[in-house]
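Listed below, chain by chain, are the residues.
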Amino acid sequence: MTPKPAGPPDGGWGWVVAAAAFVVNGLSYGLLRSLGLALPDLAEHFDRTAQDTAWVSALALAVQQAASPVGSALSTRWGARPVVMVGGILTSLGFIFSAFASSLLHLYLGLGILAGSGWALVFAPALGTLSRYFSRRRVLAVGLALTGNGASSLLLAPALQLLLDTFGWRGALLLLGAITLHLTPCGALLRPLALPGDPPVPPRGPLAALGLGLFTRRSFLVFALGTALVGAGYFVPYVHLAPHALDRGLGGYGAALVVSVAAVADAGARLVCGWLADQGWVPLPRLLAVFGTLTGLGLLAVGLVPVVGSEEGWGVSLLATAGAYGLSAGCYAPLIFGVLPGLVGIGGVVQATGLVMMLMSLGGLLGPPLSGFLRDETGDFTTSFLVCGSLVLSGSFIYMGLPGALPSCHPASSPATPPPERGELLPVPQVARLSPGGPHSTLDTAC
């Protein structure tokens, strides 16, 4: 029997896992972000409203996130490698099936249900496995993997517009089916890793396998509520940033440029914020609340940009606000996963990742259709982005209830090297909280 390592290796094969997670993220969220470019073509072909076509992306996003706990449970039982490989095949089949759609219902089933189910089996297991390979550089590694979103959007946004112009939406979806099949070899790279914090036997029973017992922890419950509200607005730009740019007077390639600028800013911010967060200068929950707030303000700014004079204009104000939104959203993304080991411990991080995706699906299912409805009622996306930005701000306010999100009344002096596999943010026993000045005082008196 191979002995378990003393802790996460913090490198080695972990960088290969990070590269695999990079591609997984790019071919899931990055592709979803760019898919909004095809929605106007779908609406025109099937003679339906923006609200109706928004359900295609919204269903894919919601199913991907709502079923993520299932992917985590299967990964806990059978390992991440086979689960991710099967998910890649399902995603590819969903796109291929949708290329032959004769109604929006077929797109709901193909992209929404089938491809969404495949994405549910790849993202949470890949990201959860990555978190297990790192300790001190965990947020940086997660940030590196999550830049796949921005890099993929940067490449796929103009490429998808070119495919739509050249082959139409059917040919574009067929080619995307071939591209998403690359998720399968990425799953083969997810080598299993045994750690001291792992349970001796896999969880038995559906509730234990899904990790629903984590909701009994107050910190995770606060985190869950805030994340659900943030999810209601966070994914609206994935679906409606490109249509919003078109409504503001930009042409097709101008709208693709707006998406690309947001993607580049998003990708760069994930790396920089990941490195800064790993330095330990500011508690992760505090960073999470700050950058969540900035993301909400960025959405408000995107909704308030003026109309461009002509399609030849580049829409400088929209490019600037999209870039600002990308920076703040990019900083937020690695933090939401980087804070999990501190809340639940390394042994529960895969299950917690799946639950986080499920929570965001509640908002992901509501946000894009609500945005499309408001667009149909008002004639543009201004109200959509204002409402969704307000939801993100509300969730960020709730994050302030996490331990460490607000400064203490007295200077805190936490241990220099907290054990990540046990959860840095788990409640400290009361016996360790002596009065300031005592021989073993933590000086962590809450306000």
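Residue positions within a chain follow its written sequence, with the count starting from 1. At least 70 in pLDDT is required for a residue's local features to be given in this predicted model, at least 80 for side-chain atom pairs to be given and counted, and no such filter applies to totals for whole chains, interfaces and linings, which use all residues. Note that the side-chain values use all heavy atoms of the structure and ignore hydrogens as well as water.

Caption draft 1: Spotlight on the pattern of salt bridges. Salt bridges, as used here, are contacts in which a Lys or Arg side-chain nitrogen is within 4 Å of a carboxyl oxygen on Asp or Glu. This structure, assessed with the given rule, holds 3 salt bridges. The residue R48 makes a salt bridge to D52 at a minimum N-O spacing of 3.3 Å. Its relative accessible area of 41% is what places R48 among the partly exposed residues. Across the salt bridge formed by D266 and R270, the nearest N and O atoms sit 2.2 Å from each other. Note that D266 and R270 are positioned in helix 12 (residues 252-278) at a spacing of 4 residues, about one turn of the helix. Burial here depends on accessible area, computed with a 1.4 Å probe over protein chains only, as a share of the maximum for the residue type. Under 20% is buried, over 50% is exposed, and the range in between is partly exposed. Relative accessible area serves as the criterion here: at 0%, D266 is assigned to the buried category. Under the relative-accessibility criterion, R270 is labelled buried at 2%. What counts as a helix is a DSSP run of H or I of at least four residues, what counts as a strand is a run of E of at least two, and both are numbered from the N terminus.

Caption draft 2: Seen up close, the nonpolar core. L107, L130, F223 and F337 are the most contacted members of the largest nonpolar core, which has 114 residues in total. With 14 residues, helix 7 (residues 138-180) is the single largest residue contributor to this core. As used here, the term nonpolar core means buried Ala, Val, Leu, Ile, Met, Phe, Trp, Tyr and Cys residues forming a set that is joined through side-chain atoms within 4.5 Å.

Caption draft 3: Just the side chain of S131, in detail. Take S131: it is sitting in helix 6 (residues 104-132). For S131, a relative accessible area of 2% translates into the label buried. Setting aside anything within four residues of it in sequence, one finds S131 in contact with R138, V142, I346 and V349. Residue contacts are counted whenever heavy atoms from the two residues lie within 4.5 Å of one another.

Caption draft 4: Representation of unusual backbone geometry. Phi at D10 is positive, roughly 60°, even though this residue is not glycine. The residue D10 is located in the segment before helix 1 (13-34) in this model. Unusually for a residue other than glycine, D47 sits at a positive phi of about 55°. Examined against the element boundaries, D47 turns out to sit in the loop between helix 2 (39-46) and helix 3 (50-66).

Caption draft 5: How the structure looks around the packing of aromatic side chains. Between 30 and 60 degrees the pair is tilted, below 30 it is stacked and above 60 it is edge-to-face, where a pair is any two Phe, Tyr or Trp rings, Trp via its six-membered ring, whose centres lie within 6.5 Å. Under the definition given, this model contains 11 aromatic pairs. For the ring pair F95 and W119, a centre distance of 5.8 Å and an interplane angle of 75° mean the geometry is edge-to-face. Residue F95 is located in helix 5 (residues 80-98), and its partner W119 is located in helix 6; the two are separated by 24 residues in the primary sequence. With relative accessibility at 0%, the residue F95 sits in the buried group. Since its relative accessible area comes to 1%, W119 is described here as buried. Linked through ring pairs, F215, F220, F223, Y234, Y332 and Y399 together constitute an aromatic cluster. For the cation-ring pair, R77 lies above W78, with the distance from its terminal atom to the ring centre recorded as 4.5 Å. Over a ring means this: the NZ of a Lys or the CZ of an Arg is within 6 Å of the ring centre and within 35 degrees of the ring normal.

Caption draft 6: Representation of the packing of helix 10 (residues 218-234) against helix 11 (residues 236-247) within the structure. Where helix 10 meets helix 11, the closest approach of the two axes is 7 Å, and the angle between their N-to-C directions is 20°. As summarised for this structure, helix 10 and helix 11 are arranged roughly parallel, according to the angle between their axes. Each of A232, G233 and Y234 in helix 10 lies in contact with helix 11, whose residues at this interface are V236, P237 and Y238. Each residue receives one of three labels: charged for Asp, Glu, Lys and Arg, nonpolar for Ala, Val, Leu, Ile, Met, Phe, Trp, Tyr, Cys and Pro, and polar for the others, Gly being one of them. Class assignment of the residues belonging to the contact of helix 10 with helix 11 gives a composition of 5 nonpolar, 1 polar and no charged. Lines are fitted to the C-alpha atoms to define the axes, a helix being fitted only along its stretch in contact, and any angle between axes, read from their N-to-C directions, falls within 0 to 180 degrees. The scheme is simple: roughly parallel for angles under 35 degrees, roughly antiparallel for over 145, roughly perpendicular for 65 to 115, oblique for anything else.

Caption draft 7: Examining the packing of helix 5 against helix 6 more closely. Running from amino to carboxyl end, helix 5 crosses helix 6 at an angle of 155°, the nearest separation of the two axes being 7 Å. The angle between the axes of helix 5 and helix 6 places the two elements in the roughly antiparallel class. Helix 6 is crossed by helix 5, and the crossing has left-handed handedness. Classifying every residue of the contact of helix 5 with helix 6 gives 18 nonpolar, 9 polar and no charged. Note on convention: near helix rotated counterclockwise from far helix by under a right angle means a left-handed crossing. Clockwise means right-handed.

Caption draft 8: Fine view of the confidence of the model for the protein. pLDDT: the predictor's confidence for each residue, scored from 0 to 100. Across the protein, the average pLDDT comes to 81, with 87% of residues at 70 or higher. Summarising per-element confidence for the protein, the mean pLDDT is lowest in helix 9 (residues 206-210) (73) and highest in helix 5 (95). Per-residue pLDDT stays below 50 along residues 412-424; that stretch engages in 23 contacts with residues further than four places along the chain or on separate chains. Overall, residues 426-447 carries pLDDT values under 50, and its contacts beyond four positions in sequence, including any with other chains, amount to 31 contacts.

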